[in-house]
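Structural characterization, general
Each chain, written out:
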Amino acid sequence: MARVFVITGPSGVGKGTLIRGLMERLPQLELSVSATTRGPRPGEADGVDYHFLTREQFDRKVAEGDFVEHADYAGRSYGTLRSELEQRVHAGVPVVLEIEVQGARQVRAAMPEAVQVFIAPPSLPALRTRLVGRGTDDPAEVERRLRVAEEELQAQPEFAHVVVNDRLDEALERLVEIVDANLD
Ligand code: ADP
Ligand code: 5GP
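Residues numbered from 1 in each chain as written. Chains lettered and ligands numbered in written order. Predicted model: local features only at pLDDT ≥ 70, side-chain atom pairs only at ≥ 80, totals over all residues. Heavy atoms only, no water.

What follows covers the sheet that holds strand 5 (residues 67-73). Here 4 strands make up an open sheet; going across it, the order is 4-3-6-5 and the pairing mixed. Each edge of the open sheet carries a strand with a single partner, namely strand 4 (51-52) and strand 5. The pairing of strand 3 (residues 35-36) with strand 4 spans 2 bridges and is parallel. By the bridge assignment, Thr36 is partnered in strand 4 with Phe52. (Pairing = 2+ DSSP bridges. Helix = DSSP H or I, 4+ residues; strand = E, 2+ residues; numbered from the N terminus.)

Structure (structure tokens):
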């Protein structure tokens, strides 16, 4: 069975940036495309960045047991579809999940063999600077995400691997090391 790698941590910490670098360094990895009820940001494409679903579509998939995990985050729902994982795992393809902390806990319960990495910011002010600098969320959304982040940071001790994303190149090196060491 191929490995499942869960990359979690607060919004704006650099998960997406680090995962892009990770996948360039280890091209055998494939990224699970999540489902969400939030709308696409400019430049995001359906089926590539997310499967963008209506509330009704999302809830139907929950009822039909189509999710490995799902969670509410800042007023929206997000989830990992079984269909994104099962074929790859059976075909021996290592899969990366980029998900928030409640989802990571559900994956830990369902698949304790998954390798979980928590990405931490150097500080809360640095996290705010990154969320604002990314320019994708209005000020109210930034504040919602920072409130969630304070809770998420308390979950850090639950994770076997913690990478502080201070200098991007150093954090990427550390993440590559962790994933590479756990590839079959
Ligand atoms: P996430 O996927 O965790 O929400 P992103 O990858 O979108 O976070 O990163 C949020 C913002 O922070 C982006 O603008 C990104 O360029 C920037 N960023 C990522 N890593 C660093 C870093 N180590 N130092 C400074 N800025 C960073
Ligand atoms: P964003 O709206 O910034 O794309 O994502 C918001 C949060 O939802 C991020 O912390 C992201 O990691 C998380 N997320 C994305 N996809 C999933 C998923 O499939 N499941 C869960 N639980 N969280 C997800």
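Close to ligand 1 lie 13 residues, the nearest being Gly12, Lys15, Gly16, Thr17 and Arg134. Between ligand 1 and Val13 there is a distance of 3.4 Å, counted from an oxygen atom to a backbone nitrogen or oxygen. Take Asn165: an N or O atom from its side chain is 2.8 Å from a nitrogen atom of ligand 1. Notes on ligand 1: free accessible area 570 Å², of which the protein chains cover 72%. Given that more than half its atoms are within 2 Å of the pocket grid, ligand 1 belongs to the largest pocket. (Near = heavy atom within 4 Å. Polar contact = N/O pair within 3.5 Å; in protein donor to acceptor, adjacent residues only side chain to side chain. Areas by Shrake-Rupley, 256 points an atom, 1.4 Å probe, with all protein chains shown as cover. 1 Å grid on protein atoms, 1.4 Å probe; cavity = no way out; pocket = protein on both sides within 12 Å on 5 of 7 lines; lining within 4 Å. Sits in = over half its atoms within 2 Å of the grid points.)

Around ligand 2 sit 16 residues, and of these Ser34, Arg38, Tyr50, Tyr78 and Arg145 come closest. A distance of 2.7 Å is found between a nitrogen atom of ligand 2 and a side-chain nitrogen or oxygen belonging to Glu69. Between Thr80 and ligand 2, the recorded distance is 3.4 Å, taken from a backbone N or O atom to an oxygen atom. Burial of ligand 2 by the protein chains amounts to 96% of its free accessible area of 510 Å². The residue inventory of the shell around ligand 2, partitioned by class, reads 5 nonpolar, 4 polar and 7 charged. (Nonpolar A, V, L, I, M, F, W, Y, C, P; charged D, E, K, R; others polar.)

With that settled, consider the nonpolar core. Within the largest apolar cluster, 25 residues are counted, with the highest numbers of intra-cluster contacts made by Leu22, Leu29 and Val179. The dominant element in this core, judged by the number of residues it contributes, is helix 7 (residues 168-181), at 6 residues. For Leu29, the contacting residues outside a window of four places in its chain are Phe5, Leu22, Met23, Pro94, Val96, Val179 and Leu183. Grouped together as the second largest cluster of nonpolar side chains are 17 residues, Val4, Val95, Val107 and Phe159 included. (Core = buried A, V, L, I, M, F, W, Y, C linked by side-chain atoms within 4.5 Å. Buried < 20%, exposed > 50% of the residue type's maximum accessible area, 1.4 Å probe, protein only. Contact = heavy atoms within 4.5 Å.)

Okay, the pattern of salt bridges next. Within the structure shown, the criterion is met by 16 salt bridges. For Arg41, the salt bridge identified is with Asp137, shortest N-O distance 3.6 Å. Linking Arg41 in the loop between strand 3 and strand 4 with Asp137 in the loop between helix 5 (124-134) and helix 6 (139-153), this pair joins segments that are 96 residues apart in sequence. Take Arg41 and Asp137: they sit in the same class, and that class is buried. Within the structure, one salt-bridge network assembled from shared partners comprises Arg41, Arg134, Asp137, Glu141, Arg144 and Arg145. (Salt bridge = Lys/Arg side-chain N within 4 Å of Asp/Glu carboxyl O.)

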